[in-house]
Number of protein chains: 2
Amino acid sequence: MSTALPRRGIPDATVARLPDYLRVLTGMAARGIPSTSSQQLAAAAGVRSAKVRKDLSYLGTYGVRGVGYDVEHLAFQIATELGLARDWPVVIVGMGNLGRALAAYGGLSQRGFRIIGLFDHDPAMVGQLVADIPVAGMDALPGVAATGDVLGVIATPAESAQAVADALVSAGVTSILNFAPGTPGVPAHVELRKVDLATELQILAFHKMRRSGTGHWAQVAP
Amino acid sequence: MSTALPRRGIPDATVARLPDYLRVLTGMAARGIPSTSSQQLAAAAGVRSAKVRKDLSYLGTYGVRGVGYDVEHLAFQIATELGLARDWPVVIVGMGNLGRALAAYGGLSQRGFRIIGLFDHDPAMVGQLVADIPVAGMDALPGVAATGDVLGVIATPAESAQAVADALVSAGVTSILNFAPGTPGVPAHVELRKVDLATELQILAFHKMRRSGTGHWAQVAP
DNA sequence: TAGATTGTTAATCGATTAACAATC
DNA sequence: TAGATTGTTAATCGATTAACAATC
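Residues numbered from 1 in each chain as written. Chains lettered and ligands numbered in written order. Predicted model: local features only at pLDDT ≥ 70, side-chain atom pairs only at ≥ 80, totals over all residues. Heavy atoms only, no water.

Caption draft 1: Structural detail: the sheet that holds strand β1 (residues 35–36) of chain B. Residue and element names in this part refer to chain B. As summarised here, the arrangement of the three strands in space is β1-β3-β2, forming an open sheet in which the pairing is antiparallel. Edge positions in the sheet fall to β1 and β2 (63–64), since each of these pairs with one other strand and no more. Of the pairings in the sheet, the one linking β2 to strand β3 (residues 68–70) comprises two bridges and is antiparallel in character. Within β3, the position partnered with Val64 by the bridge is Gly68. (Pairing = 2+ DSSP bridges. Helix = DSSP H or I, 4+ residues; strand = E, 2+ residues; numbered from the N terminus.)

Caption draft 2: Up close: the pairing of strand β5 (residues 113–119) of chain A. All names here are of chain A. For β5, a buried count of five out of seven residues is recorded, marking the element as mostly surrounded by other parts of the structure. Two elements, strand β4 (residues 88–93) and β5, share six bridges in a ladder whose sense is parallel. Bridge assignment links Val93 to a residue of β5, and that residue is Phe119. The pairing of β5 with strand β7 (residues 133–136) spans two bridges and is parallel. Bridging from a neighbouring strand, Leu118 pairs with Val135 of β7. (Buried < 20%, exposed > 50% of the residue type's maximum accessible area, 1.4 Å probe, protein only.)

Caption draft 3: Structural context of the interface of chain B and chain A. Each partner contributes residues to the interface: chain B has 68 residues there, and chain A has 68 residues. Across the chain B to chain A interface the summed buried area is about 6500 Å²; carbon plus sulfur atoms make up 64%. The interface formed by chain B and chain A contains 12 salt bridges. The closest approach of N and O atoms between Glu191 of chain B and Arg211 of chain A, which form a salt bridge, is 3.2 Å. Linking chain B to chain A there are 18 residue pairs in polar contact (both at pLDDT 80 or more). Residue contributions to the side of chain B that touches chain A peak at 16 residues, all from helix α9 (residues 197–212) of chain B. Here the side of chain B that touches chain A is composed, by residue class, of 36 nonpolar, 16 polar and 16 charged. (Contact = heavy atoms within 4.5 Å. Buried area = accessible area lost by both parts, 1.4 Å probe. Salt bridge = Lys/Arg side-chain N within 4 Å of Asp/Glu carboxyl O. Polar contact = N/O pair within 3.5 Å; in protein donor to acceptor, adjacent residues only side chain to side chain. Nonpolar A, V, L, I, M, F, W, Y, C, P; charged D, E, K, R; others polar.)

Caption draft 4: Main features of the confidence of the model for chain A. Residue and element names in this part refer to chain A. Mean pLDDT over chain A works out to 90, with 92% of the residues at or above the 70 mark. Every residue in residues 1–7 is under pLDDT 50, and counting partners more than four places away or in other chains gives seven contacts. Of the regions scoring below 50 in pLDDT, residues 215–222 engages in 11 contacts with residues more than four places distant in sequence or in other chains. (pLDDT = per-residue confidence, 0-100.)

Caption draft 5: Spotlight on the relation of the copies chain B and chain A. Mapping chain B onto chain A is achieved by rotating through 180° and translating by 0.0 Å along the same axis, at an RMSD of 0.0 Å. A rotation of that kind, with that shift, is consistent with a two-fold axis. Of the interface residues in chain B, 100% have counterparts in chain A that sit at the interface too, so the contact is made through matching surfaces. (Least-squares fit on C-alpha atoms with pLDDT ≥ 70 in both.)

Caption draft 6: Fine view of the pairing of strand β9 (residues 175–178) of chain B. Residue and element names in this part refer to chain B. Of the two faces of β9, the one carrying Ser175 and Leu177 and the one carrying Ile176 and Asn178 are both buried. Pairing geometry for strand β8 (residues 151–154) and β9, over four bridges, is parallel. Bridging across to β9, Val153 finds its partner in Leu177. Running through helix α8 (residues 158–170), the crossover from β8 to the neighbouring parallel element β9 is right-handed. (Right-handed = clockwise from strand over helix to strand, strands pointing away.)

Caption draft 7: Representation of the packing of aromatic side chains. With the rule as written, the count across this model stands at zero aromatic pairs over all chains. For the cation-ring pair, Arg86 of chain A lies above Trp88 of chain A, with the distance from its terminal atom to the ring centre recorded as 3.8 Å. (Phe/Tyr/Trp six-rings, centres within 6.5 Å; stacked < 30°, edge-to-face > 60°. Lys NZ or Arg CZ within 6 Å of the ring centre and 35° of its normal.)

Caption draft 8: Up close: the protein's contact with DNA strand D. Around DNA strand D, a shell composed of 26 residues is seen, among which Ser38, Gly63 and Tyr69 of chain A together with Arg17 and Arg65 of chain B lie nearest. Of all atoms in DNA strand D that approach within 4 Å of the protein, 67% are sugar or phosphate atoms. For DNA strand D, a base oxygen lies 3.1 Å from a polar atom in the backbone of Gly66 of chain A. Sorting the residues of the surface near DNA strand D by element identifies α3 (49–57), β2 (63–64) and β3 (68–70) of chain A together with α1 (12–30) and α3 (49–57) of chain B as the ones contributing at least two each. Top element by residues in the surface near DNA strand D is α3 of chain B. It accounts for four residues. Residues that form the surface near DNA strand D fall into these classes: eight nonpolar, eight polar and 10 charged. (Near = heavy atom within 4 Å.)

Caption draft 9: Here's a closer look at the domain arrangement of chain A. Each domain of chain A was delimited in the assignment, giving domain 1 (12–81) and domain 2 (88–199). Summarising the inter-unit geometry, the C-alpha centres of domain 1 of chain A and domain 2 of chain A are found 31 Å apart. (Domains from an automatic or database assignment.)

Caption draft 10: Geometry of the environment of Leu177 of chain B. Position of Leu177 of chain B relative to the elements: it lies in strand β9. Separated by 32 residues in the primary sequence, Leu177 of chain B and Met209 of chain B place their C-alpha atoms 30 Å from one another.

Caption draft 11: Examining the protein's contact with DNA strand C more closely. Near DNA strand C there are 26 residues, and of these Arg17 and Arg65 of chain A together with Ser38, Gly63 and Tyr69 of chain B occur at the shortest range. Within 4 Å of the protein, the contacting atoms of DNA strand C are drawn from sugar and phosphate to the extent of 66%. Separating a base nitrogen of DNA strand C from a side-chain N or O atom of Arg65 of chain A is a distance of 2.9 Å. Within the backbone of Tyr62 of chain B, an N or O atom sits 3.5 Å from a phosphate oxygen of DNA strand C. Looking at the surface near DNA strand C, the elements with two or more residues in it are α1 (12–30) and α3 of chain A together with α3, β2 and β3 of chain B. Class assignment for the residues of the surface near DNA strand C results in eight nonpolar, eight polar and 10 charged.

Printed below as a string of structure tokens:
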């Protein structure tokens, strides 16, 4: 008999918020705050306290009724749940402006991600140092990605995204974050998430239009 | 009597997908494809065809049963619905690596966004050209943002995000896209969306761990 | 007409929220 | 004990999906 395993199936919506809670808790820990409440956590993360309690309840019962949560302990539990008890190797493909910005982003190593490779298609770029790491050609990708659970980041223009996704998949990468516009096709066993600046701005514009009434429909006079 | 207004209240989940459909349709139009189906659209956007039809049904009935959708007409309708019949002015605050990458990102002007101002706190940065636009100091923000429906982008380190958000709100900006880690507080009438590289990677890592079983829980032998 | 594909229905699933008993 | 705050319940809300009648 094994002991009861922690419950599976943390809702996706909860998983998406755990990094926020973790960041808030890490900040509190750095400022020497020993304990907190769902109320305080909620205010800092921009959600409601009931949501915080519900989210945390999926991980286990780490709070104390009438008292709150121990900051360091809760941070550790969330980090563990997110798989951050270990380091994650990351490769970035595409050393244009965006790729360079991502490579230089200090928040990565700080949060357990280790850049193990930077790649670019352009021979003129190969060998250059970006964030103290020499840029490699695409032919070097399979060797680097063979390391194991590598997370791949696509930071190329839209035109190259599919080819890069194919190269990453061929190299054995099964977790890809795509910053290029569009959605490259990948096999079912590969997870692809995407971030697109223009999409985010379009959503903002839509909501703004609805709020301010400056859109395309004429105001109906009474 | 006015004619019936188009129905309000397009679901948020649908609004978030409309930019994807629009991008796919724009690509089809550029390749001279005259019409398409929910099936093809779905494949290109990475969703199911039923979802495409349901999403499009919130905009109106722009398809033809047995035939499909006219690519140009549908693209126009989605663009109109998203408020892209007009240009949207954008200001970017923070001219580090990320801010420079965003400023140089051609996809913006291509999709109806016009950068009307780049700002940085650092006097040494002020006056420099980024993407052919001179960087201004923060004191110039109110004048530029007074234009009207400006969308604000925060591309600073986490420490400055709250101060920049405050400055944007003071300048009258009510739509903000935040690339800095963390969630600055803003008044209720201001919409703040956020994009965080580390958060996205943490979600990928979580799912990867669950898939590959390389996480912290030992495999239970049978 | 026969074949194709939409728009809509209805069932299911997942996420949010408020309220409150449990309990420190 | 009295006050505070969690963890959980149950109701509500929103999103997804498959199926199919409508119809080109």
